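Here is what each chain is made of, one letter per residue.
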Amino acid sequence: MADINIGATSWRRVEVGRVLKLETGSLAAIVEIIDHKRALVDGPSTDSKLATARGPVQLSKTLLTPIVIDKLPRGARTGAVKKFWEAAGVDAKWAETNWAKKQVQQEKRQALTDFDRFKVMRLKKQRRFEERKALAKVKASA
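Residues numbered from 1 in each chain as written. Predicted model: local features only at pLDDT ≥ 70, side-chain atom pairs only at ≥ 80, totals over all residues. Heavy atoms only, no water.

Going by an unreviewed UniProt entry, the protein carries the name Ribosomal protein L14-domain-containing protein and comes from Podospora fimiseda. What UniProt records for the protein under Sequence similarities (unreviewed entry) is the sentence "Belongs to the eukaryotic ribosomal protein eL14 family." (UniProt positions renumbered as here; feature names shortened; annotations may be inferred.)

Encoded structure:
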């Protein structure tokens, strides 16, 4: 008979300690699961953009991140959550994700003025010209 290898799924689960990204763009950790649609969250981030006040949120309005705060006790108060948050290095882990990098890039692009967009366009044209020149040189030598 064949060997059967049974392993845990790699799905992200709603669990105490799971870090969520709220629809406002901030981060919060699940402190207590209220019911199948809501959870009590707290986000004591040092970054003011990512900080979230303690309160209930609908799970349908959140996204589960791969970051989990290990051994966070159920119903932990804000001070304890902050201590576990900093010990787990959630802000640093979040800053390393592609998700956060894309968000920063989008914010930079939205802040561009008309003249900045013009300068970006000119730089793209210049880069494209140099690439095509190099490609033509390679084709000519081949």
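S.K.: Sorry if this is basic, but what is going on with the overall build of the protein here?
M.R.: Each helix and strand in the protein was counted, giving 4 helices and 5 strands. Helices and strands in the protein line up, N terminus first, as β-β-β-β-β-α-α-α-α. The C-alpha atoms of the protein give a radius of gyration of 23 Å, which is well past the 14 Å a tight globule of 142 residues would have. Each principal axis of the C-alpha distribution contributes one length, and for the protein these read about 70 × 60 × 30 Å. Once local pairs closer than 6 in sequence are excluded, the contacts in the protein between residues at least 24 apart make up 50%. With the model as given, the accessible surface of the protein reaches about 10,800 Å², and the carbon-plus-sulfur share is 55%. A gap of 7 Å separates the mean positions of the 30 positive and 16 negative side-chain charges of the protein. (Helix = DSSP H or I, 4+ residues; strand = E, 2+ residues; numbered from the N terminus. Rg over C-alpha atoms; globule rule 2.2 N^0.38 Å. Contact = heavy atoms within 4.5 Å. Areas by Shrake-Rupley, 256 points an atom, 1.4 Å probe, with all protein chains shown as cover. Lys, Arg positive; Asp, Glu negative; His and termini not counted. Charge placed at Lys NZ, Arg CZ, Asp CG, Glu CD.)

S.K.: Can you walk me through the pattern of salt bridges in this structure?
M.R.: When the charged atoms of two side chains lie near each other, side chains of opposite charge can form a pair. Using the criterion set out here, one finds 8 salt bridges in the structure. The shortest N-O distance in the salt bridge between Arg18 and Glu15 comes to 2.9 Å. According to the relative accessible area criterion, Glu15 is partly exposed, its value standing at 30%. For Arg38, the salt bridge is made with Asp35, and the minimal N-O distance between the two is 3.5 Å. (Salt bridge = Lys/Arg side-chain N within 4 Å of Asp/Glu carboxyl O. Buried < 20%, exposed > 50% of the residue type's maximum accessible area, 1.4 Å probe, protein only.)

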